[in-house]
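Coordinate inspection notes
Below are the chains, spelled out letter by letter.
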Amino acid sequence: MNLDELLSKKIVSLPPVPSPIDRVDRELDAMWEALRLGWNDAEAVTRACMSNLLIYCDNRTQAENVRADLPYVLQEHPARVLLMWEEQESLQDDIAATVSIHFSRLNQGLQVLGEEVGVACSANADQRLPSVARALLIGDLPTALWWASSRPPASAGKLFDELVRVAEQLIFDSLGWLNPPKGILAMSQWMLADRGQHVVYNLAWRRLKPWRKLLRETLDPVVLPDAYTHATRLELQHGPHALPMTWLLVGWLVDRLGWRPTEGKLLSKSAVMWRFNAPQGTVTVQITRLPEGDPVLNRLDWHWQGQRPGQATFTSSGDRKLDVRLHGEAEPSRALLAPRNDRATLIAEQLAHRDRDRLYESALAISNAMATAVLR
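Residues numbered from 1 in each chain as written. Predicted model: local features only at pLDDT ≥ 70, side-chain atom pairs only at ≥ 80, totals over all residues. Heavy atoms only, no water.

1. Details of the overall build of the protein
Along the protein, the regular secondary structure elements total eleven helices and 18 strands. Referenced to the eigenvectors of the C-alpha coordinate spread, the extents of the protein come out at roughly 75 × 45 × 35 Å. Taken across its 376 residues, the protein has 51% of its residues classed as buried. By sequence separation, contacts in the protein at least 24 residues apart represent 73% of the contacts at least 6 residues apart. Counting every atom, the protein has about 17900 Å² of accessible surface; 48% of that belongs to carbon and sulfur. Of the charged side chains in the protein, 42 are positive and 45 negative; the average position of the first set lies 7 Å away from that of the second. (Helix = DSSP H or I, 4+ residues; strand = E, 2+ residues; numbered from the N terminus. Buried < 20%, exposed > 50% of the residue type's maximum accessible area, 1.4 Å probe, protein only. Contact = heavy atoms within 4.5 Å. Areas by Shrake-Rupley, 256 points an atom, 1.4 Å probe, with all protein chains shown as cover. Lys, Arg positive; Asp, Glu negative; His and termini not counted. Charge placed at Lys NZ, Arg CZ, Asp CG, Glu CD.)

2. With respect to the side chain of Ser-316
Here Ser-316 lies in strand β16 (residues 310-317). Setting aside anything within four residues of it in sequence, one finds Ser-316 in contact with Trp-211, Leu-297, Asn-298, Lys-321, Leu-322 and Arg-340.

3. Looking at the pairing of strand β11 (residues 231-238)
Pairing geometry for β11 and strand β15 (residues 297-304), over seven bridges, is antiparallel. When the bridges of β15 are listed, His-238 appears paired with Leu-297. (Pairing = 2+ DSSP bridges.)

4. Notes on the pairing of strand β7 (residues 110-121)
Counting buried residues along β7, eleven of its twelve residues qualify, which places the element largely inside the surrounding structure. Two strands pair when backbone bridges link them, and strand β3 (residues 45-47) and β7 are joined in this way by three bridges, in the parallel orientation. Bridge pairing links Thr-46 to Gln-111 in β7. Here strand β5 (residues 79-86) pairs with β7 via eight bridges, running parallel. Among the inter-strand pairings, Val-81 is bridged to a residue of β7, identified as Glu-116. The pairing of strand β6 (residues 95-105) with β7 spans eleven bridges and is antiparallel. Paired with Ala-96 across the two strands is Ala-120, which belongs to β7. In textbook terms, the turn of a hairpin is the stretch between consecutive antiparallel strands, and for β6 and β7 this stretch comprises four residues, one of which, Gly-109, has a positive phi near 105 degrees.

5. What to know about the pattern of salt bridges
Oppositely charged side chains can form a pair if their charged atoms are brought close together. Enumeration over the complete set of coordinates arrives at 22 salt bridges. Asp-69 is paired through a salt bridge with Arg-343; the nearest N and O atoms lie 2.8 Å apart. Residue Asp-69 is found in helix α3 (residues 60-76), and its partner Arg-343 is found in helix α10 (residues 343-351); the two are separated by 274 residues along the sequence. According to the relative accessible area criterion, Arg-343 is partly exposed, its value standing at 28%. Notably, a salt bridge pairs Glu-217 with Arg-334, separated by 3.6 Å at the nearest N-O pair. Placement of the pair is Glu-217 in helix α8 (residues 209-218) and Arg-334 in strand β18 (residues 334-337), with a sequence separation of 117 residues. Looking at Glu-217, the relative accessible area reads 28%, which means it is partly exposed. With relative accessibility at 32%, the residue Arg-334 sits in the partly exposed group. (Salt bridge = Lys/Arg side-chain N within 4 Å of Asp/Glu carboxyl O.)

6. A short note on helix α5 (residues 158-165)
Considered for burial, the residues of α5 that qualify are Leu-159, Phe-160, Glu-162, Leu-163 and Val-164. Looking at the buried residues of α5, the elements they touch are β4 (51-57), β5, α4 (129-136), β8 (143-147), β9 (169-172) and α6 (180-194).

7. Details of the nonpolar core
Counting residues in hydrophobic clusters, the biggest one holds 92 residues, and the most contacted among them are Leu-170, Leu-249, Trp-274, Trp-302 and Phe-314. No other element matches helix α9 (residues 243-257), which puts nine residues into this core. Apart from the residues lying within four places of it in its own chain, the contact partners of Leu-249 are Leu-208, Trp-211, Arg-212, Leu-215, Leu-236, Leu-297 and Leu-300. (Core = buried A, V, L, I, M, F, W, Y, C linked by side-chain atoms within 4.5 Å.)

8. Digging into the sheet that holds β11
In space, the eight strands of this open sheet follow the order β12-β13-β14-β11-β15-β16-β17-β18, with mixed pairing throughout. Of all strands in the sheet, those bounded by a partner on one side alone are β12 (260-268) and β18. On average, each strand axis in the sheet is tilted by 15 degrees relative to the strand beside it, whichever way the strands run. Contacting β11, β12, β13 (271-278), β14 (281-289) and β15, α9 runs over the sheet at an angle of about 30 degrees to β15. Sheet strands touched by helix α11 (residues 358-375): β12 and β13. Its angle to β12, the strand with the most contacts, is close to 55 degrees. (Axes fitted to C-alpha atoms, helices over the stretch in contact; angles between N-to-C directions.)

As structure tokens, this is what we get:
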């Protein structure tokens, strides 16, 4: 395929080619030069680069999935990318590197959106990754660590500690954690020890944005005066792998309403329950996992007493909408579009935000107390 054919695509990603680890910059320069020579001399080849992006994956399969997302991420946030993973097969010298570039066509010329360095390591050599990463970063640019592993970052020990030390921003996704209580506990304790040195984002928090908006608008005291102040029971249902996200929503609600956990326990492999001390008395919250379905929060039933007792049922429908029905009503009283953004879109949006999210940090702190109650 020649250059003109390649440029029929919006973003062009050259196939990764092997490179000695100590010649990565030279190999990238050679790619730049080949691109320039293959293009019209009268038009420029420029580079856009806003930050360094470190990515850690558990294995090659994860890394390939992340690599497929990179063109969409880099289109919104140009960066030098260091994509690291643990190789299951033995490697000569324990570390192997590849280089690639991603570029697009402008009105006049080409623009390189990303320089990608792939770094595979043997199982017994992952502790070398931080030093390799430090040597390949572009100085004077901010650095973000995208922890794409399925393990909670804080449970990875020294490897995570060393990688996050060179970054200002940490992005991870709690979706699919095998042991949500331990994962939440580990991350909240790490953030407590971090004392705000890093800007931390969990993609699950962004997925909850439509839920938080609809809950705020529906249960506003002006609309339903007793819903907050006389709440008695919340029941939530989610699909497989969505417990950490659902847990986080409860943490946000509990933090905003000033409730404090007094009891928590696993009722079964698919259900967990808490009791909270609230100004109006005890509030019970139960989360139940459905046997099948998408990894999303499906339903929330909010019960309250007071002068006008009631129930509001929030439901995620298959057409990517959230709606709410008040008890006894046949039709939804309110609905909200809730697009399920793909991972690349979520990552690109998060990279653009470099301020701490105090609301998320507070929700995670309460989630920590909830995890402690369950594991007690």
